[in-house]
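Here is what each chain is made of, one letter per residue.
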Amino acid sequence: MVARSLLDFLEISSAKYAHADAFVYGETRLTYNYFTNVVSRLASGLSHLGLQRGDRVGLMMPNLPQFPLAYYALLTLGAQVIPLNVLAREAEIETILNETQAAGFIAWEGFGRYIIPAAKRVPSCRIAVLLGNFTPELRETLRPLVCAELTKLVSESHPLPKRPALSPDDAALILYTSGTTDAPRGVVLSHENAAAAVLSSWEAFNITPEHRFAAALPLFHSLGHMLTMNVALAAGACCVLIPRISVNDIITTIAREQVTHFVAVPSMLPLLLESQNAGDATTPDTNAGDPFASLQVFLVSGARLEDHLREALLQRFGKPIYEGYGLAECPPLITTNRPDIAIKTGSVGKQLPGLEVTIFDANGFELSPGQVGEIVVRGGGIMQGYYNRPEETQKALREGWLLTGDLGWMDAAGYLHLADRKKDVINKGGFFVFSQEVERCLIAHPKIRECAVVGMNDRALVEEVKAYIVLRQQESATKEEIVSYCSSRLAAYKIPQHFEFCSDLPHGPTGKILKRMLRERNSN
């Protein structure tokens, strides 16, 4: 059987590994056989509520077993899953549900205070499913929406007699971009796109049924559900759910469940280093010793991994760090360091199996190794387009290539090196300044905890370099001190002219700094 959807992968794994753990959550274990049965029953219950092929449904759930259950139940019906950021609030949720003309939502009751009022204002929403209880008052409030409790839907439904027929070209997922540089957009992936993307990562990391993934990264994130969840299921491996990013929960779970793969964005990793007792953590089910003994590898993407953090991780854990690069338009990864190639520090590895990655100049011509240009990719895993945004889709997809909007260069050995986002490059009087280069210089300063560099127009409407800086606790610094530090490390035109010392910077749900908000602050 050739897998052309995530459902095909699940069907194969369920037949081969029926009694193996698909998911673990605390003391709860869901075997592949049990998981598939519950998915079918939930799909049946959702069908009786009126959900059907082609409907779009918001899914707002923490890292609980009900996330993958609802995700795969919706896919089974041919509905399109819209994973919603669990940190999103009412206005953001309403915008997404409205833009996608969502037929309804499935959510944890703790998020009800945000998603319920949002859904009530969306004319297309007709179904509300909660993991929790609907009070009579809440049902009355939601009228005319059809309301159901997820647990009852499962317990009161029989499995579907037969999985509905789907086309591999049908839309399966709508993934919203992080909005780092622009307003979030809905990325549409077909069933076949998702299957191709999963297969690429599965082959790249050589995942086997013996592997166990820690799912601490929120599953709504494309790296979370596509790599931690879907790749694990395709390979017959186990996904160990961790509902909140807590040092103690992560360490305890890794030790108890003998986790082999830890998927993370860089902002999660200092937590493991900062725990004073990380090396002494034990659980009642494990012997005293290193709780990370089972861990084989860190899989890291989503933002730049700073050199000092990489070195600290290697010194503390001694485990390989496979840093990769990906985006929602071709999730979870486009390139990565991995087991079958030598790790090249400072790069984000080589293209994944099934993908072709190269560098284009502004006119769409391929550049030679060492030349900086736009990173482009083609292959089965790239998106169909942006939902209901034909002009933006046309700009991003050209003759089979996805133009990522990121700048980088390829070395002679085929390793990709990131330079910057196109929109983050600062044009200072004809000299181009890569903001990430300046940020790498600043973050190496011992007093600086975090920084972001953006362009700003001065009174003469010339773009200048501005740095937002967060200092470490108990530290103080002046503009003159930072400029002096940079002067021996950067060309004069790259040194920031403007500084703003802050207590914090705006972040997205996975720790990315939202530069568009800093630009908005500048313009105001």
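Calculation rules
Residues numbered from 1 in each chain as written. Predicted model: local features only at pLDDT ≥ 70, side-chain atom pairs only at ≥ 80, totals over all residues. Heavy atoms only, no water. Pairing = 2+ DSSP bridges. Helix = DSSP H or I, 4+ residues; strand = E, 2+ residues; numbered from the N terminus. Axes fitted to C-alpha atoms, helices over the stretch in contact; angles between N-to-C directions. Contact = heavy atoms within 4.5 Å. Buried < 20%, exposed > 50% of the residue type's maximum accessible area, 1.4 Å probe, protein only. Salt bridge = Lys/Arg side-chain N within 4 Å of Asp/Glu carboxyl O. Polar contact = N/O pair within 3.5 Å; in protein donor to acceptor, adjacent residues only side chain to side chain. Phe/Tyr/Trp six-rings, centres within 6.5 Å; stacked < 30°, edge-to-face > 60°. Lys NZ or Arg CZ within 6 Å of the ring centre and 35° of its normal. Core = buried A, V, L, I, M, F, W, Y, C linked by side-chain atoms within 4.5 Å. Parallel < 35°, antiparallel > 145°, perpendicular 65-115°, else oblique. Left-handed = near helix turned anticlockwise from the far one by under 90°.

### Details of the sheet that holds strand 27 (residues 498–502)
Logical step 1: Spatial ordering of the open sheet is given by 25-26-27, a layout of three strands whose pairing is mixed. The sheet terminates laterally at strand 25 (448–457) and strand 27, the two strands that pair on one side only. Between one strand and the next, the sheet's axes are offset by a mean angle of 20 degrees, whatever the strand orientation.
Logical step 2: The pairing of strand 26 (residues 463–471) with strand 27 spans five bridges and is classified as parallel. Bridging from a neighbouring strand, Tyr468 pairs with Glu500 of strand 27.
Logical step 3: Lying over the sheet, helix 14 (residues 435–443) contacts strand 25 and strand 26, oriented at roughly 150 degrees with respect to strand 25.

### Some points on the sheet that holds strand 11 (residues 238–241)
Logical step 1: Here nine strands make up an open sheet; going across it, the order is 2-1-11-10-12-13-14-15-16 and the pairing mixed. Strand pairing shows two members of the sheet lacking a second neighbour, strand 2 (28–31) and strand 16 (350–351), which therefore form its edges.
Logical step 2: Here three bridges tie strand 13 (residues 297–300) to strand 14 (residues 321–327), and the two strands are oriented parallel to one another. The partner of Phe298 across the bridge, within strand 14, is Ile321.

### With respect to the pairing of strand 21 (residues 401–410)
Logical step 1: The buried fraction of strand 21 amounts to nine of the ten residues, a majority that puts the element mostly inside the structure.
Logical step 2: Here four bridges tie strand 18 (residues 373–379) to strand 21, and the two strands are oriented antiparallel to one another. Its bridge partner lying in strand 21, Gly373 is registered against Gly408.
Logical step 3: Strand direction decides the pairing type here: strand 20 (residues 397–398) and strand 21, joined by two bridges, are antiparallel. Residue pairing across strands places Leu397 opposite Leu402, the latter belonging to strand 21.
Logical step 4: Here strand 20 folds back onto strand 21, and the loop between the two strands holds two residues, one of which, Glu399, carries a positive phi near 50 degrees.
Logical step 5: In the sheet, strand 21 pairs with strand 22 (residues 416–421) via five bridges, with the strands oriented antiparallel. Each residue of the ladder has a partner; that of Trp409, found in strand 22, is His417.
Logical step 6: The turn linking strand 21 back onto strand 22 is made up of five residues, and Gly414 within it adopts a positive phi angle of 90 degrees.

### Here we look at the pattern of salt bridges
Logical step 1: For the structure shown, the criterion picks out 35 salt bridges.
Logical step 2: A salt bridge links Arg310 to Asp307, with the nearest nitrogen and oxygen atoms 2.9 Å apart. Here the residue Arg310 and the residue Asp307 both occupy positions in helix 12 (residues 307–317), the gap between them amounting to three residues, near one helical turn.
Logical step 3: Residue classification places Arg310 among the buried residues on the basis of a relative accessible area of 7%.

### Details of the side chain of Asn230
Logical step 1: Here Asn230 lies in helix 9 (residues 222–235).
Logical step 2: Within the local environment of Asn230, its side chain forms a polar contact with the side chain of Tyr72, the two groups lying 2.7 Å apart.
Logical step 3: For Asn230, the residues in contact, after removing those within four places along its chain, are Leu6, Tyr71, Tyr72, Val198 and His225.

### Focus on the packing of aromatic side chains
Logical step 1: Tallying each qualifying case throughout the model produces 13 aromatic pairs.
Logical step 2: Seen in terms of ring centroids, Phe9 and Trp202 are 5.8 Å apart; in terms of plane orientation they differ by 75 degrees. Their pairing is edge-to-face. Separated by 193 residues along the polypeptide, Phe9 in helix 1 (residues 6–16) and Trp202 in helix 8 (residues 191–205) bring together distant segments of the chain.
Logical step 3: The exposure class assigned to Phe9 is buried, which follows from its relative accessible area of 7%.
Logical step 4: A ring pair is formed by Phe23 and Phe35, whose centres lie 4.9 Å apart and whose planes are at 45 degrees; its orientation type is tilted. Of the two residues, Phe23 is situated in strand 1 (residues 21–25) and Phe35 in helix 2 (residues 32–49); the sequence distance between them amounts to twelve residues. Just as Phe23 is buried, Phe35 falls in that class too.
Logical step 5: These aromatic residues form a ring-pair network of at least three members: Phe23, Phe35, Phe67, Tyr71 and Tyr72.
Logical step 6: Between the NZ or CZ atom of Arg89 and the centre of the ring of Tyr114, over which it lies, the distance is 4.1 Å.
Logical step 7: Looking at Arg489, its charged tip hangs above the ring of Tyr485, at a distance of 3.8 Å from the centre.

### Things to note about the nonpolar core
Logical step 1: If you look at the biggest cluster of nonpolar residues, it comprises 120 residues, and the most contacted ones within it are Leu46, Tyr71, Tyr72, Ile106, Leu173, Phe262 and Leu269.
Logical step 2: Within the second largest apolar cluster, 31 residues are counted, among which are Ile93, Ile96, Phe111 and Tyr387.

### Comments concerning the packing of helix 2 against helix 3 (residues 66–77)
Logical step 1: Viewed as axis vectors pointing N to C, helix 2 and helix 3 meet at an angle of 60 degrees, and their least axial separation amounts to 8 Å. On the basis of the axis angle, helix 2 is oblique to helix 3. Helix 2 and helix 3 meet at a crossing whose hand is right-handed. Residues Phe35, Val38, Val39, Leu42, Ala43, Leu46 and Ser47 of helix 2 touch helix 3, and the partners they reach there are Pro68, Leu69, Ala70, Tyr72, Ala73, Leu74, Thr76 and Leu77.

### Describing the environment of Tyr17
Logical step 1: As for its placement among the helices and strands, Tyr17 is situated in the loop between helix 1 and strand 1.
Logical step 2: Here the alpha-carbon distance between Tyr17 and Thr100, two residues 83 residues apart in the chain, equals 36 Å.
Logical step 3: Once residues lying within four places of it in the same chain are set aside, the contact partners of Tyr17 are Tyr32, Pro209, Ala235 and Gly236.

### With respect to the side chain of Asn63
Logical step 1: Inspection of the secondary structure puts Asn63 in the loop between strand 3 (56–60) and helix 3.
Logical step 2: Looking at Asn63, its side chain comes within polar contact range of the main-chain oxygen of Ala215, at 2.9 Å.
Logical step 3: A distance of 2.9 Å separates a polar side-chain atom of Asn63 from the backbone nitrogen of Leu219.
Logical step 4: If near-sequence neighbours (up to four positions away) are discounted, Asn63 is found in contact with Tyr25, Ala215, Ala216, Leu217, Pro218, Leu219, Leu241, Ile242 and Pro243.

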